[in-house]
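# Structural features, examined
What follows is the residue order along each chain.
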Amino acid sequence: RGLREGEMAEAGRPAKNPKLDREEEGGGDNNPKVDGEKEYGTNHREADEQAQAALEKIVSIQHEIDKLNEQASEEILHVEQKYNHLRKPHYLNRAQLAEQIPEFWYTTLSNHPAISEILNGDDEQALQYMDGLSVDEFEDVKSGFKINLYFRPNPYFENTVLSKEYVLDGSGNSTITGTEIKWKPDKDLTNRAPVEFKGRKRTMEEPTSVFCWFSDCNPNEPDELAEYIKDEIWPNPLQYFLQGEVSVDEGEEEDEEEEDEEEEDEE
């Protein structure tokens, strides 16, 4: 009936609070919010480390890709040089044959849709004395090229060759030089008063002649005429020389077809 002394002492103690007991075991700082922030910080730090490691690997891979690109550029350069040498005798043969065709290069230039927009009547008259064109790429293709226009004696200037040269240094900077045209008296096509062109006036700031191109040597401005000649005219002049003839043939064929259709309708 009676409680022993130990049991009586235990019975006199207050009941335990489980929550307080957990706080005491955890040092009194077992806050779920704090625990979550610690866990987030740890995960975020691990994610940053993974991202950094991945970035370093990508940088390393990119270095390898850049090395391959440089190697490819060098090999492409050698291939271009090889085929430039192989093309030279064909260009020479083509030039010699083109001399036998009246106004071959003038017709080719004037049939080019963009170049034809630049030419005016006086330019066309002067270009009819043109009997040759060449694009000479330097041995190191990356270092530049030279465009040459050859002329027979004419009433406009004394030069037999008008050239424009583009030289690139190792830093990518370009130097452009053009032939100084030796105009005959009162024949300077680049020194004229403003003229009406497509509904607006051309001023001296906007060259009125294609021959101004030889003195326009600003490397900071795009040179579209050089690009047209080098990349479109020189590789295949026939596609422009024959353009007018093809159009005429096509027109004749269409006329013939229309006549045939009319005859069939009449029948």
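Residues numbered from 1 in each chain as written. Predicted model: local features only at pLDDT ≥ 70, side-chain atom pairs only at ≥ 80, totals over all residues. Heavy atoms only, no water.

### Quick word on the nonpolar core
Within the largest apolar cluster, 36 residues are counted, with the highest numbers of intra-cluster contacts made by Leu133 and Phe211. Once residues within four sequence positions are removed from consideration, Leu133 is found in contact with Trp105, Leu109, Asn148, Leu149, Tyr150, Ile229 and Trp234. (Core = buried A, V, L, I, M, F, W, Y, C linked by side-chain atoms within 4.5 Å. Buried < 20%, exposed > 50% of the residue type's maximum accessible area, 1.4 Å probe, protein only. Contact = heavy atoms within 4.5 Å.)

### A look at the confidence of the model for the chain
Scored by pLDDT, the chain has a mean of 80; 69% of the residues are at 70 or more. The spread of mean pLDDT over the elements of the chain runs between strand S6 (residues 200–201), the lowest at 42, and helix H4 (residues 104–111), the highest at 97. Overall, residues 195–206 carries pLDDT values under 50, and its contacts beyond four positions in sequence, including any with other chains, amount to 18 contacts. (pLDDT = per-residue confidence, 0-100. Helix = DSSP H or I, 4+ residues; strand = E, 2+ residues; numbered from the N terminus.)

### Quick look at the side chain of Ser110
Turning to its location among the elements, Ser110 is positioned in helix H4. Among the residues examined, Ser110 registers a relative accessible area of 18% and is labelled buried. Of note is the side chain of Ser110, whose polar atom sits 3.1 Å from the backbone oxygen of Thr107. In this structure Ser110 touches Ser116 and Leu119, once residues within four positions along its chain are discounted. (Polar contact = N/O pair within 3.5 Å; in protein donor to acceptor, adjacent residues only side chain to side chain.)

### Considerations on the sheet that holds strand S1 (residues 130–137)
Sheet strands pair by backbone hydrogen bonding; their relative direction is either parallel or antiparallel. An order of S1-S2-S3-S4 is seen for the four strands of this open sheet, with the pairing classed as antiparallel. Each end of this open sheet is capped by a strand with a single partner; those strands are S1 and strand S4 (174–178). Averaged over all neighbouring strand pairs, the angle between strand axes comes to 5°, with direction disregarded. Sheet topology places strand S2 (residues 144–151) next to strand S3 (residues 161–168); seven bridges connect them, and they run antiparallel. Residue pairing for S3: Phe145 is matched across the bridge by Tyr166. Contacts from helix H7 (residues 224–233) reach S1, S2 and S3, with the element oriented near 85° to S1. (Pairing = 2+ DSSP bridges. Axes fitted to C-alpha atoms, helices over the stretch in contact; angles between N-to-C directions.)

### Observations concerning the side chain of Asn154
Position of Asn154 among the secondary structure elements: in the loop between S2 and S3. Residue Asn154 is classed as buried on the basis of its relative accessible area, which comes to 4%. Polar contacts involving the side chain of Asn154 include one to the main-chain carbonyl oxygen of Arg152, which spans 3.1 Å. At 3.0 Å, the side chain of Asn154 and the backbone nitrogen of Phe157 are in polar contact.

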